[in-house]
Amino acid sequence: MLPNRRDFFCSASALGATAALHLLAGAKPHHAPKAKRAIQISLVGGLSHLDSFDYKPDLTRLHGKALASDTKPDVFFGQVGLLRKPDWEFKRRGKSGLWVSELFPHLAGVADELTVINSMTADSANHTPALFVLNSGFQFNGYPALGAWLSYGLGSEAEDLPAFVVLPDGRGDANGAASNWSSGFLPAQHQGVIFRGGDAPVRDLFPEKPVPVGEERASRATLDALNALHLQRSGNEDALAARMQSYALAAKMQLAVPAIADLSKEPAKLKAQYGLDDPKTADCGRRCLLARRLLEKGVRFVQVYSGGPIAGTPRTSWDAHENVRENHGAEAARIDRPVAALIQDLKQKDMLKDTLVLFTTEFGRTPFTQSAGNVVGTGRDHNKYGFTCWLAGAGCKAGTAFGSTDDIGWKASEHPVAWHDFHATVLHLLGIDHEKLTFYHNGINRRLTNVHGEVVRGVLA
């Protein structure tokens, strides 16, 4: 039997209470923040900007023509077919006239809330290192993710929930799995905590068998006393302190998680808006609605994944090597309605004004097809030279597009934005100077943006 709220707080020792409070103690922002919290929709596999947010009429005009280049492009699979027009019609949307294709009809309805960056560039065209850069700024594992840095720098506004929560795709984890939400060399309590679907969203949070309240209370008191003694003897060793803090939070989560994961009391109309009534959208819809509830309760950063493991047949990601229309059509049908509903819901609850929404992918796709040189194929290869991500909400210049790729959408040509710049901008909106958020590790004052990064002023309101 789980302790009730009164039993739990009465049984908590001074050590446990101190540890829990420590989890909430983030540094003060460096400047007045526009955003208090953030949510990232992370598309795994590589969204085709050319079929979604980056309208290139010349690509339609040149459909079936060979790429005009003196050198063979360096692409992942080495096949450079003929140029291919987008598979979805583009239209100007909303009062802003932002270009959004029919791939995302629901997101097109909230175009006036979006700040589109059409000039993103990536360091790698290989999925796993590209995902690592997207998340941590480095191509290798072992570095803290953006969410971990926010947890370290700002802490959580919730006393019974972690600062950084990850909601993976129901079909499986992305390449690199937990390395994408690692705390790296930061204290362990800053790593992302996975919430999955079902009755037990956090694995191993509850004991396998019910424990009587008295036994639970006595066990916690004994454990706290032993931990306090161990910590004193170890000279307040950081790793041990972090583990104790994690256990203190876990105890509080036993009360908080069942309540926050229960969507049954949400209005039926709202659940339908998120797509919980449709098998195609139900997985992403539940996670987007849960994400809003987590943010509302004080979680600092929530990451929602769209796409599971790379490869497989059919693919469970946006990796459209074989057929963009089939692949992207299926993947967009899973997330378009829920993500648009999330933006509308945040706005209706007056949360969008201080919530930052990020819509990211590790790289884009090529304007030419992945096929023989004289063929207009149906798939596109990886493209690290130019692609699209967007932001919405707090502090962003809504209904605008920033930067551009060349006439066929191959390479960023105006205002290129690297991931270090993107990260610097996100931190800035949350009140953090990316050069001042550091952690001393192996003789180096490490930071999310390494030795790079400029705030992208052109996307700020």
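The shown structure was predicted, so the numbers you read here are calculated from the model rather than taken from an experiment. The residue count restarts for each chain, going from 1 along the sequence in the order it is written. With pLDDT at 70 or above as the cut-off, local features in this predicted model cover only qualifying residues; side-chain atom pairs require 80 or more to be listed or tallied, and sums for whole chains, interfaces and linings still use all residues. With hydrogens and water stripped out, all remaining heavy atoms of the structure feed into the side-chain values.

**Section: the pairing of strand β1 (residues 37-43)**
Only protein chains enter the accessibility calculation, which uses a 1.4 Å probe. A residue is then buried if its area is under 20% of the maximum for its type, exposed if over 50%, and partly exposed in between. In this text, helices come from DSSP runs of H or I with a minimum length of four residues, and strands from runs of E with a minimum of two, each type numbered from the N-terminal end. Of all seven residues making up β1, seven are buried, and the element is well covered by its neighbours. Side chains R37, I39, I41 and L43 of β1 all project onto a buried face; the interleaved residues A38, Q40 and S42 project onto the opposite face, where all are buried too. Think of it this way: DSSP has to see at least two bridges between two strands before they count as a pair. Pairing of β1 with strand β8 (residues 355-361) involves seven bridges; the strand directions are parallel. Looking across to β8, one finds that Q40 is bridged to L358. Here β1 pairs with strand β7 (residues 301-306) via six bridges, running parallel.

**Details of the nonpolar core**
Of all hydrophobic cores here, the largest spans 56 residues; its most connected members are F53, F104, L107, F195, F359 and W390. Take this core: its biggest share by element is nine residues, from helix α11 (residues 324-348). Working rule for contacts: check all heavy atoms of both residues, and any pair within 4.5 Å makes them a contact. Leaving out residues up to four positions away in the same chain, F359 has contacts with I41, L43, L47, F53, F104, L107, I335, V339, C389 and W390. Take the buried Ala, Val, Leu, Ile, Met, Phe, Trp, Tyr and Cys residues and link them wherever side-chain atoms come within 4.5 Å; each set so joined is a nonpolar core.

**Quick word on the packing of aromatic side chains**
Geometry of an aromatic ring pair is reported as the spacing of the ring centres plus the angle between the planes. For this analysis, a ring pair means two rings from Phe, Tyr or Trp (six-membered ring only for Trp) whose centres lie within 6.5 Å, classed as stacked if their planes differ by under 30 degrees, edge-to-face if by over 60, and tilted for the remaining angles. Enumeration over the complete set of coordinates arrives at 19 aromatic pairs. On the numbers, 6.1 Å between centres and 80° between planes, the contact of Y143 with F185 is edge-to-face. Pair noted here: Y143 is in the loop between α5 (127-136) and α6 (146-154) and F185 is in the loop between β5 (164-167) and β6 (193-194), with a separation of 42 residues, a long-range link. F185 carries the same exposure label as Y143, and that label is buried. Their ring planes at 5° and their centres at 4.6 Å tell us that F359 and W390 sit as a pair that is stacked. Taken together, the residues F359 in strand β8 and W390 in strand β11 (residues 387-393) connect sequence positions 31 residues apart. An identical accessibility class is assigned to F359 and W390; each is buried. Here the aromatic cluster, defined as three or more aromatic residues joined through ring pairs, consists of F138, Y143, W149, Y152, F185 and F439. Sitting over the face of the ring of W410, K411 holds its NZ or CZ atom 4.4 Å from the ring centroid. Geometrically, a charge over a ring is one whose NZ (Lys) or CZ (Arg) sits within 6 Å of the ring centre while staying within 35 degrees of the ring normal.

**A look at the side chain of D283**
Inspection of the secondary structure assignment puts D283 in helix α10 (residues 282-296). Residue D283 is classed as buried on the basis of its relative accessible area, which comes to 16%. At 3.1 Å, the side chain of D283 forms a polar contact with the side chain of R287. Leaving out residues up to four positions away in the same chain, D283 has contacts with D169, G170 and R334. The term polar contact refers here to a pair of N or O atoms within 3.5 Å; inside protein, the definition further demands a hydrogen-donor-capable atom paired with an acceptor-capable atom, and it admits residues adjacent in sequence only when both atoms are side-chain atoms.

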